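Given next are the chains, with one letter for each unit.
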Amino acid sequence: KQTAAAIAAELPDVPRASDDVLIAEGFPVMPVPQGASLLQHGQVWPAKLLEEGPKIEAGFRKYFHRDVDHKRTAIPEGAELNEAYAPSS
């Protein structure tokens, strides 16, 4: 069951927009720690992960804005990465 269907059932007076295929349920990344088990039993295929991750990211970017896109932030050469590292925007 899609998350939107569960939410719509709880909010019957709120009009529901049509489903967006970019944000359909899926695996954006391999689930941890059960990922290896899912692969072994054929419940998740690596090619599907490579397809769904970018699709879900595109859907997220369609509806949300990140002030800093950490996937595109370049780490300066020689920067020491630890829990206190924060890239400048």
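Rules and cut-offs
- Residues numbered from 1 in each chain as written.
- Predicted model: local features only at pLDDT ≥ 70, side-chain atom pairs only at ≥ 80, totals over all residues.
- Heavy atoms only, no water.
- Helix = DSSP H or I, 4+ residues; strand = E, 2+ residues; numbered from the N terminus.
- Expected span 1.5 Å × (residues − 1).
- Buried < 20%, exposed > 50% of the residue type's maximum accessible area, 1.4 Å probe, protein only.
- Arc of directions from axis to C-beta.
- Phe/Tyr/Trp six-rings, centres within 6.5 Å; stacked < 30°, edge-to-face > 60°.

An account of helix α3 (residues 46-63) is requested, with residue identities and associated values reported.
Across its 18 residues, α3 extends 27 Å between first and last C-alpha, which sits within 8% of the 26 Å expected from 1.5 Å per residue. By the burial criterion, the buried members of α3 are Leu49, Glu52, Gly53, Ile56, Glu57 and Gly59. The arc that holds the buried residues of α3, viewed along the axis, is 160°, so those residues lie on one side. Those residues of α3 that are exposed and angled more than 90 degrees off the buried face are Ala47, Leu50, Pro54 and Lys62.

So what's going on with the packing of aromatic side chains? Which residues, and what values?
Per the stated rule, a full pass over the model turns up one aromatic pair. For the ring pair Phe60 and Phe64, a centre distance of 4.8 Å and an interplane angle of 25° mean the geometry is stacked. Take Phe60: its relative accessible area is 30%, and that puts it in the partly exposed class. Judged by relative accessible area, Phe64 falls into the exposed class, the value being 53%.

Nothing here speaks to function; it is geometry throughout.
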